[in-house]
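Architecture at a glance
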Amino acid sequence: MRGYLPFPKNRLLIREMKREIREYNTYLHSGLVQKICTNRRIQQMGTIIEEAREERIAPAVMAAAEREELDPYDLIQNIAQGRTTVMVGKKRAVGIGKGFTTKVNVNIGTSTVRSDLAAELRKAAVAGRYGADTLTDLSMGGGIREIRSAILRETALPLTTVPIYQAVVDAGGIDCLSADDLIDTFRAHAAEGVSSCVLHMTDQKTLSALGRSQRILGVVSKGGSMTAAYMLHTGRENPFLEYFDEVVEIARRHEIVISLGNTMRGGSIVDGGDAAATVERKQNIEIAGRCHEHGVQVIIEGCGGHVRIDRIPFCVQLYKDACPYPLFVAGPLATDRAVGHDQIAGAIGASIAVSAGADYLCAITPAEHIGLPTEEEVVEGLIAFKIAAHIGDTVRIGSDYLDAELSACRAELDWKGQIGKAIDPDGLSTRIPDEGPCSMCGEYCAIKIMRESLSR
């Protein structure tokens, strides 16, 4: 199969292109490749962005377009403009941004307190089963490299990592961390086949603004706090900025999506929107532009953490009005008081963020602020955020036709049809009757009463 597909201007060859992409998907699932971008025939070509600029379609782009029945020609225009990214995994390509449905990421991974590889693999499996679009491995305990390798081997989903997590552990602590440690770890993750890396691009100007802040909780981003602590300890600039040319070359070589971390997100609904957050937003937008110029796909993390509900649309629009790049939101939690139920607070905020234009969500579980989630909590958080993503998409891309389809089944008391249209079909299938009205209404079902009355 050809490495990249020139798009036929007269569109007469689209059927042939779809046949080729079906062959390509079979090739992916055969296990013969570890990652799309490491295939030699493709590696000799440009990056996904560079090919899109030349109106050529990478197989991963065609696969992502076909999954959601999008016009690949429109898609490559959006990629060339930075409005869309395609995250490339071993067996799946996932489109994020303009034209695509909102995607949901699930975090898994160990800590210095608890490390159980089998448990993390089970979480990865249930995340895939219940419809996660991507995974992020946040491991900081146990054999971090072995854990990542196992996840890559077992999941079909694109995998994101945060290189500074492993770099700090391997160095023996933040005080022992060097710039070389951080860049070398990023290089290793990229070479192993991850799809995306979170890089916190905090600079001295942002730290200065933080010093003048009146925040209650300061910095709540773990990766961001580590990056800032390194800078304060060494007096040096952020290594990802100091060696930016090397960073983008690594990303180009391995088709890594750079996810620009949201170090200055608020840890309380009263903390957001200060000078530090403003400086970071402008900084990340500028860096995203530089990445895009170098042919590296980029996502900006922003408007995450805790944000008062009335401020969420404004926060999202600050990003969307200033740049084209996809926006990745962690949460946002609309209240600080839902501890133990943060998946609900997060899903409320997330649905508003998506309706305002956010493209990509990080699922929050009931264990947020408490500890590592169980498999059941991973599923609970994922379903809550899939619901939030769809609610937002009814506004963002007009997906309310899916609601109309389920409602048509409900009008006919068609339970099997409702299962097929539900966001959580497995959960619904265990709670419904075989036929007829539900147990709340019984014979006095409003739908049944009016149908019989109108038919007389």
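This text follows the structure it describes.
Residues numbered from 1 in each chain as written. Predicted model: local features only at pLDDT ≥ 70, side-chain atom pairs only at ≥ 80, totals over all residues. Heavy atoms only, no water.

A few words now on the pairing of strand β10 (residues 298-301). Alternating residues of β10 divide into Val-298 and Ile-300 and Ile-299 and Glu-301, and every residue in both groups is buried. As paired elements, strand β9 (residues 257-260) and β10 share three bridges and run parallel to each other. Bridging from a neighbouring strand, Ile-258 pairs with Val-298 of β10. Viewed along the sheet, the connection from β9 through helix α14 (residues 275-293) into β10 turns out right-handed. Relative to strand β11 (residues 327-330), β10 runs parallel, the two sharing two bridges. Paired with Ile-300 across the strands is Leu-327, a residue of β11. Handedness of the crossover joining β10 and β11 through helix α15 (residues 312-322) is recorded here as right-handed. (Buried < 20%, exposed > 50% of the residue type's maximum accessible area, 1.4 Å probe, protein only. Helix = DSSP H or I, 4+ residues; strand = E, 2+ residues; numbered from the N terminus. Pairing = 2+ DSSP bridges. Right-handed = clockwise from strand over helix to strand, strands pointing away.)

The next point concerns the packing of aromatic side chains. Applying the stated criterion to the full structure yields two aromatic pairs. Where Phe-186 meets Phe-240, the ring centres are 6.3 Å apart and the plane angle is 85°; that geometry is what we call edge-to-face. Taken together, the residues Phe-186 in helix α9 (residues 179-192) and Phe-240 in helix α12 (residues 239-242) connect sequence positions 54 residues apart. With a relative accessible area of 0%, Phe-186 lands in the buried category. Judged by centre distance (4.0 Å) and plane angle (20°), the rings of Phe-328 and Tyr-360 are stacked. With a gap of 32 residues between them, Phe-328 in strand β11 and Tyr-360 in strand β12 (residues 360-362) connect regions that are remote in the sequence. When the ring centre of Tyr-165 is taken as reference, the NZ or CZ atom of Lys-222 above it lies at 5.1 Å. (Phe/Tyr/Trp six-rings, centres within 6.5 Å; stacked < 30°, edge-to-face > 60°. Lys NZ or Arg CZ within 6 Å of the ring centre and 35° of its normal.)

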